[in-house]
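Here are the chains, one letter per residue:
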Amino acid sequence: MEDRELIRRIHKGQTEYLNEIADRYYDDVYYFCRYQTGSREDAYDLAQETFLRFIKYVDHYRYRNLKGYLLTIAMNLCRDYIRTDSYTRAKIEPIDSYVPEPIYAADGAPISGSSYYADQNEASENSLLLADALTKLPDMQREAVLLHHFYGYKNREIARMTGASYDAVKSRIRQGLEKLSRQLRQSDFN
């Protein structure tokens with residue numbers, strides 16, 4: 001069933017379809033939060049809060065892209081959380097067997113540490129390096145890179161989701177990829 005139909009039914013009072021939405025998009029929201037915070041526990045809590053907020057305001061939902069809407073809620077929750085005193089990026093945990101799709105630098109070359117791997121140990125190590133490198137990016141650049149390269153959103157969609165201009169999003173992605181590439185190259189030499 002399409003998202004639009006699920007929402008239509010939920011608006012008519014068939015709240016059991018909220019579970020289907022959560023099942024469909026939980027992993028996307030969780031991993032977005034995971035890369036934002038670097039912590040399993042924080043990502044779990046933020047993903048749960050994302051769906052609680054969605055449930056609370058589902059009657060007001062009119063957005064066309066449900067996954068984008070949920071990621072926008074998650075993005076705002078992550079921003080708020082990162083601003084709090086309790087947030088620290090001291091320890092980055094491996095991203096449980098989740099290896100993102102390849103990320104490419106501005107010149108089109110794949111960034112080391114971001115493609116699929118046959119060897120699970122290497123994938124886990126590279127996933128840890130990528131997660132660590134991502135958390136070192138400025139928040140706005142990390143969001144733009146995640147939304148564009150991990151979730152496939154176009155720059156205009158990211159601009160609408162984040163409230164930034166198209167040019168700002170384009171710049172954040174380019175700068176974020178350049179910094180990410182430098183950080184991963186440095187870790188290859190260490």
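What you see is a predicted model; the values in this text were computed from it and never measured.

(A) The pattern of salt bridges, seen in detail. A complete count under the given rule lists 10 salt bridges for this structure. Residue Glu49 is joined to Arg53 by a salt bridge in which the shortest nitrogen-to-oxygen separation is 3.2 Å. Here Glu49 and its partner Arg53 are both found in helix α3 (residues 40–57), four residues apart, which amounts to about one turn of the helix. The class for Arg53 is partly exposed, based on a relative accessible area of 36%. Linking Arg142 and Asp139 is a salt bridge whose minimum nitrogen-to-oxygen distance equals 2.7 Å. One end of the pair, Arg142, and the other, Asp139, are both in helix α6 (residues 139–150), three residues apart, so they sit about a helical turn from each other.

(B) The arrangement of the state of the cysteines in detail. The tally for this structure, following the rule as stated, stands at zero disulfides. The thiol of Cys33 is unpaired, and the distance to the nearest cysteine sulfur, on Cys78, comes to 3.7 Å. Judged by relative accessible area, which is 0%, Cys33 ranks as buried. According to the relative accessible area criterion, Cys78 is buried, its value standing at 0%.

(C) Focus on the side chain of Gln36. Mapped onto the fold, Gln36 is located in helix α2 (residues 17–37). Polar side-chain contacts of Gln36 include one of 2.4 Å to the side chain of Arg142.

(D) Region of the structure containing α3. Along its 18 residues, α3 runs 26 Å from first to last C-alpha, staying within 8% of the 26 Å computed at 1.5 Å per residue. Within α3, the full set of buried residues consists of Asp42, Ala43, Leu46, Ala47, Thr50, Phe51 and Phe54. Buried residues of α3 fall within an arc of 165° about the axis and therefore sit on the same side. Along α3, exposed side chains directed more than 90 degrees from the buried face belong to Leu52 and Lys56. Packing partners of the buried residues in α3 comprise α1 (3–11), α2 and α4 (66–83). N-capping of α3 is provided by Ser39, with a side-chain oxygen placed 3.4 Å from the backbone N of Glu41.

(E) Layout of the packing of aromatic side chains. Across all of its chains, the model carries eight aromatic pairs by this definition. Considering the side-chain rings of Phe54 and Tyr69, the 6.1 Å spacing of their centres and the 70° angle between planes classify their relative orientation as edge-to-face. Taken together, the residues span a long stretch of sequence, with Phe54 in helix α3 and Tyr69 in helix α4 at a distance of 15 residues. A relative accessible area of 2% means that Phe54 is categorised as buried. The partly exposed category is assigned to Tyr69, whose relative accessible area is 22%. Here a set of aromatic residues connected by ring pairs shows up, and it is made of Tyr26, Tyr30, Tyr31 and Phe51. Above the face of the Tyr166 ring, Arg156 is positioned so that its terminal group lies 4.3 Å from the ring centre.

Rules used in this analysis
Residues numbered from 1 in each chain as written. Predicted model: local features only at pLDDT ≥ 70, side-chain atom pairs only at ≥ 80, totals over all residues. Heavy atoms only, no water. Salt bridge = Lys/Arg side-chain N within 4 Å of Asp/Glu carboxyl O. Helix = DSSP H or I, 4+ residues; strand = E, 2+ residues; numbered from the N terminus. Buried < 20%, exposed > 50% of the residue type's maximum accessible area, 1.4 Å probe, protein only. Disulfide = S-S within 2.5 Å. Polar contact = N/O pair within 3.5 Å; in protein donor to acceptor, adjacent residues only side chain to side chain. Expected span 1.5 Å × (residues − 1). Arc of directions from axis to C-beta. Contact = heavy atoms within 4.5 Å. Phe/Tyr/Trp six-rings, centres within 6.5 Å; stacked < 30°, edge-to-face > 60°. Lys NZ or Arg CZ within 6 Å of the ring centre and 35° of its normal.

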